[in-house]
Amino acid sequence: MNTSTESGLGAKPGTARYLHEAQETMPREQLAALQLERLRATVRNAYDNVPLHRSRLDAIGMKPDDIRSLDDVQRLPFTMKSDLRDHYPFGMFARPRSSLTRLHASSGTTGKPTVVGYTRRDIDHWADLMARSYWSGGARPGDVIHNAYGYGLFTGGLGAHYGAERLGGVVVPMSGGSTERQVSLIVDFQARVLCSTPSYALAIAEVAEQQGVDLSRDSALKIGMFGAEPWSDAMRREIEARLGIRAVDIYGLSEIMGPGVACECEHHAGLHGWEDHFLFEVIDPDSGRPVSEGESGELVITTLTKEALPMLRYRTRDITKVTTDRCDCGRTHLRILRVTGRNDDMLIIRGVNVYPSQVEAVLVGLTNIAPHYQLVVERKGKLDHVTIETEVQPGVEPAAYDDIARQVAHQIKTMLGITTDVIVKRPGEIPRSQGKAVRVRDLRPKGA
Ligand code: DLL
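Residues numbered from 1 in each chain as written. Predicted model: local features only at pLDDT ≥ 70, side-chain atom pairs only at ≥ 80, totals over all residues. Heavy atoms only, no water.

**Things to note about the side chain of Thr332**
Then, number 1: Among the structural elements, Thr332 can be located in the loop between strand E13 (322-323) and strand E14 (335-336).
Then, number 2: Exposure remark for Thr332: the relative accessible area of 7% places this residue in the buried category.
Then, number 3: Dropping the residues within four chain positions of it, Thr332 is found in contact with Glu24, Thr25, Met26, Arg28, Glu275 and Arg326. (Helix = DSSP H or I, 4+ residues; strand = E, 2+ residues; numbered from the N terminus. Buried < 20%, exposed > 50% of the residue type's maximum accessible area, 1.4 Å probe, protein only. Contact = heavy atoms within 4.5 Å.)

Here it is, written out as structure tokens:
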């Protein structure tokens, strides 16, 4: 097992050993036994306290005690985001309102928001899992943690905040926006850890450069905990170079908890999914059947310890692969490989399936092109058509734009096999995000 002092499971000399080492390095058979015990309790909680789960289980003649092995999870019906909407606001909660400690909600582009609730114990577990994620990413007690995830109904801000406190960090509750001020505070307070979406990290880097601040030289930043949206490895390299940090991928979703469901360790070889609290499956999104380990599919998550909102086989719509191969860090928990995108975001361009993050991987790193883009999707006849809007690096002459557009289109065709129109814009013309970036402007008729 890796016991290095600066990263992985080891503690800094002179500090306590890593508190959660036992949970994270547990032999997989022992982990499976723990999962089974917790799965049974979760199904019992859902059946006894949530009418929707009870009626679905009754409909297939299944009782909580029928869960005898982990494979039995596959007999449980799926839960979808629409179930939360249909039972707005509290219909999926397994605890009365008086036992809740907090609510979060996602705005949702259409219809009702999805509302999630937590008991005090749920919040406590969440703080633990976020603290474990920080540690796994290399943050340590005493680190100044600059939190630029949005505070409010979004789970990013408060999730990262409670975890930072639980870790023993010094949290700066900055939230998103006021980017110039973010830059000064990062420098002045000597933040070692930056929490934000990857797209906002890039916006911070850009504003710093405009202010003449080189964050890789002038700040104490060493680690970025980036998530809440898909991002490519090319984007990771770009952010690492511009901020002078190691960029760590962190995953989560409100319906399951919030940030900290899974996080990379120092090996950057996939995100450890915290299996003592969640059961992960990967399924074929069309048939609903499990795919073999290592194959790509939709991530499905069952919570194992949630009191207020137990989730049975929640269809995340996120496309990924998992591996249970042992990681060099010593953790035994499975690894989710980078989430390429959401099922809903997949574009089908003349039969070729493409995620925005794949287009990003081609764009980032092209000479003269800045790492900011949007994809405009339209319906032309029966086919989807994509226009890539991208931006040049500062200093590029407008006379070169047409050539650059042709080069980008050629590169996209070569790498991804799709034909696109490309519009090259001036520096700063693509809107910058303060949270999740809007990568796709979908102009297709609704329901098409
Ligand atoms: O985005 C929670 C979060 C906050 C995660 C901060 C990480 C950091 P939601 O707003 O419910 O929750 O959105 C969840 O965002 O289903 C994925 O589609 C996407 N997502 C989250 N993390 C990643 C990631 C938060 N690391 C949805 N890579 C998820 C790719 C991600 N997609």
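**Observations concerning the sheet that holds strand E11 (residues 297-303)**
Then, number 1: Strand order in the open sheet made by the four strands is E10-E11-E12-E15, with antiparallel pairing throughout. In the strand order of this sheet, the two ends are held by strand E10 (278-283) and strand E15 (341-342), each with one partner.
Then, number 2: One ladder, built from two bridges, connects strand E12 (residues 314-320) with E15; its direction is antiparallel. The residue bridging Asp318 from the neighbouring strand is Arg342, located in E15. (Pairing = 2+ DSSP bridges.)

**Thoughts on the environment of Thr119**
Then, number 1: As for its position among the elements, Thr119 is in the loop between strand E2 (114-118) and helix H5 (120-137).
Then, number 2: If near-sequence neighbours (up to four positions away) are discounted, Thr119 is found in contact with Arg95, Ser99, Leu100, Thr101, Glu307 and Ala308.
Then, number 3: Here the side chain of Thr119 touches Glu307 through a polar contact of 2.6 Å, side chain to side chain. (Polar contact = N/O pair within 3.5 Å; in protein donor to acceptor, adjacent residues only side chain to side chain.)

**A few points about the environment of Leu129**
Then, number 1: Here Leu129 shows up in helix H5.
Then, number 2: Along the chain, Leu129 and His277 lie 148 residues apart, while their C-alpha atoms are 8.7 Å from each other.
Then, number 3: In this structure, Leu129 is in contact with Met257, Gly260, Trp274, His277 and Phe278, ignoring residues within four places of it in sequence.

**As for the domain arrangement of the chain**
Then, number 1: Annotation of the chain at the domain level lists domain 1 (1-343) and domain 2 (346-442).
Then, number 2: Of note, the centres of domain 1 and domain 2, computed from C-alpha atoms alone, are 29 Å apart.
Then, number 3: Of the residues lining the interface, 24 residues belong to domain 1; the matching set on domain 2 comes to 15 residues.
Then, number 4: Looking at the side of domain 1 facing domain 2, the largest losses of area belong to Glu206, Met235 and Thr340, adding up to 23% of the total buried there.
Then, number 5: Where domain 1 touches domain 2, the interface holds one salt bridge.
Then, number 6: Here Arg432 makes a salt bridge to Glu206, at a shortest N to O gap of 2.7 Å.
Then, number 7: Put simply, domain 1 and domain 2 have 10 residue pairs in polar contact (both at pLDDT 80 or more) between them.
Then, number 8: Listing elements by their share of the side of domain 1 that touches domain 2, those giving two or more residues are helix H8 (198-210), helix H10 (233-243) and E15.
Then, number 9: In terms of residue count, H8 provides more of the side of domain 1 that touches domain 2 than any other element does, five residues in total. (Domains from an automatic or database assignment. Buried area = accessible area lost by both parts, 1.4 Å probe. Salt bridge = Lys/Arg side-chain N within 4 Å of Asp/Glu carboxyl O.)

**Focus: the site of the ligand**
Then, number 1: Close contacts around the ligand come from 20 residues, with Asp249, Ile250, Ser254, Asp318 and Lys436 the closest.
Then, number 2: Between Ser254 and the ligand, the recorded distance is 2.5 Å, taken from a side-chain N or O atom to an oxygen atom.
Then, number 3: At 2.6 Å, a side-chain N or O of Asp318 approaches an oxygen atom of the ligand.
Then, number 4: Contact with the protein chains hides 93% of the accessible area of the ligand, taken as 610 Å² for the molecule alone.
Then, number 5: When residues of the shell around the ligand are traced back to their parent elements, those giving at least two are helix H6 (155-167) and strand E7 (246-253).
Then, number 6: Per-element accounting of the shell around the ligand gives the leading share, five residues, to E7.
Then, number 7: Classifying every residue of the shell around the ligand gives nine nonpolar, five polar and six charged. (Near = heavy atom within 4 Å. Areas by Shrake-Rupley, 256 points an atom, 1.4 Å probe, with all protein chains shown as cover. Nonpolar A, V, L, I, M, F, W, Y, C, P; charged D, E, K, R; others polar.)

**Quick word on H8**
Then, number 1: In this model H8 runs 19 Å from its N-terminal to its C-terminal C-alpha over 13 residues, within 8% of the 18 Å that 1.5 Å per residue would give.
Then, number 2: Of all 13 residues making up H8, 11 are buried, and the element is well covered by its neighbours.
Then, number 3: Here H8 has its buried residues at Pro198, Ser199, Tyr200, Ala201, Leu202, Ala203, Ile204, Ala205, Glu206, Val207 and Ala208.
Then, number 4: Packing partners of the buried residues in H8 comprise helix H7 (179-188), strand E5 (193-196), helix H9 (215-218), strand E6 (223-227), H10 and strand E18 (369-380).
Then, number 5: Immediately beyond the C-terminal end of H8, within one or two residues, lies Gly212, with a positive phi of roughly 80°. (Expected span 1.5 Å × (residues − 1).)

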